[in-house]
Structure formats: C-alpha cells, structure tokens
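Spelled out from the first residue to the last, the chains are:
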Amino acid sequence: MNNFTQSKKVKTRKEHRCLGCERDYSKGSQMEVVSGMFEGDFFRYYLCKSCDSFILNNHDLRDQLEDGFREGAVKDHCEYLGIDLPAMEG
C-alpha cells in the first residue's frame, strides 16, 4: 500500500483547531495543513506555527510521531516535560 504525506503553509479561510496543542485559531491565521494517506486511510490536519516549529526542533517528539500524529501530542509532550506550551502564533 502506498503511504504519502504532503504539507503546505496556508492562510485559513475559516476557524481551525491545531492538532498539536488543541487551541482554536481564527479565520486568516497562518497554519500548516498536512494531508496524505497512511495504511490505506486518508488524513488531514492543521498545525499552528508554534507547534510546527516545536515539532521540528524537538527530536524526542519527532521520533514518537513517526508512527502517526495524535491529537494533543504537543500539549501532552509539554506536560510530560513540565514546560509551558509554545506561545500561540497564528
């Protein structure tokens, strides 16, 4: 089965929730939209700029996400480390 992922930066046309931190972002926010297919299932989610940067710069979290991204992953990882969520950007 073919797996693929693509991502692009977008200016949102409606409100979206960031999958990483589970915060809501208003229309017109800059976000990363990630879509693709994994094990035969299509997926699509949005990441705020803060979570996208946090994931890129955090090797431990990136390694955990190789098997799939789950809702609240950045928020949960910050709680585990005892640190604050990245500042809200959008």
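That block above? That's the structure.
For the structure given in this document, a descriptive report is provided here.

### Points about the side chain of Ser29
And then number 1: Turning to its location among the elements, Ser29 is positioned in the loop between β3 (24-25) and β4 (30-38).
And then number 2: At a separation of 2.7 Å, a polar atom in the side chain of Ser29 contacts the main-chain carbonyl oxygen of Ser26.

### Description of helix α3 (residues 73-81)
And then number 1: Every buried residue belonging to α3 is among Ala73, Val74, His77 and Cys78, and all of these are buried. The buried side chains of α3 occupy one side of the element, clustering within an arc of 130 degrees when seen end-on. Across α3 from its buried face, at more than 90 degrees, point the exposed residues Glu79 and Tyr80.
And then number 2: Buried residues along α3 sit in contact with α1 (49-57) and α2 (59-64).
And then number 3: Gly82 sits one or two residues past α3 and shows a positive phi near 75 degrees.

### Side note on a nonpolar patch on the surface
And then number 1: A contiguous nonpolar surface patch, about 350 Å² in accessible area, is contributed by Tyr80, Leu81 and Ile83.
And then number 2: The topology assignment puts Ile83 in the segment after α3.
And then number 3: Judged by its relative accessible area of 41%, Ile83 is partly exposed.

### Observations concerning unusual backbone geometry
For residues besides glycine, phi is generally negative; the peptide bonds are generally trans as well.
And then number 1: The phi angle at Glu22 is positive, at roughly 60 degrees, despite the residue not being glycine.
And then number 2: Assignment of secondary structure puts Glu22 in the loop between β2 (16-17) and β3.
And then number 3: On the basis of relative accessibility, which here comes to 23%, the residue Glu22 falls in the partly exposed class.
And then number 4: Residue Glu39 is not a glycine yet carries a positive backbone phi of 50 degrees.
And then number 5: In this structure, Glu39 sits in the loop between β4 and β5 (41-48).

### What to know about the state of the cysteines
And then number 1: Tallied over the full model, the rule gives zero disulfides.
And then number 2: Looking at Cys48, it has no disulfide partner, and the nearest cysteine sulfur is the one in Cys51, 3.6 Å off.
And then number 3: Judged by its relative accessible area of 0%, Cys48 falls in the buried class.
And then number 4: Left without a disulfide partner, Cys78 is nearest to the cysteine sulfur of Cys51, which lies 7.6 Å away.
And then number 5: You can call Cys78 buried: its relative accessible area is 1%.

Parameters at a glance
- Residues numbered from 1 in each chain as written.
- Predicted model: local features only at pLDDT ≥ 70, side-chain atom pairs only at ≥ 80, totals over all residues.
- Heavy atoms only, no water.
- Helix = DSSP H or I, 4+ residues; strand = E, 2+ residues; numbered from the N terminus.
- Polar contact = N/O pair within 3.5 Å; in protein donor to acceptor, adjacent residues only side chain to side chain.
- Buried < 20%, exposed > 50% of the residue type's maximum accessible area, 1.4 Å probe, protein only.
- Arc of directions from axis to C-beta.
- Contact = heavy atoms within 4.5 Å.
- Patch = residues over 30% accessible without salt bridge, like charges linked within 9 Å, V, L, I, M, F, W, Y side chains within 5 Å.
- Areas by Shrake-Rupley, 256 points an atom, 1.4 Å probe, with all protein chains shown as cover.
- Salt bridge = Lys/Arg side-chain N within 4 Å of Asp/Glu carboxyl O.
- Disulfide = S-S within 2.5 Å.

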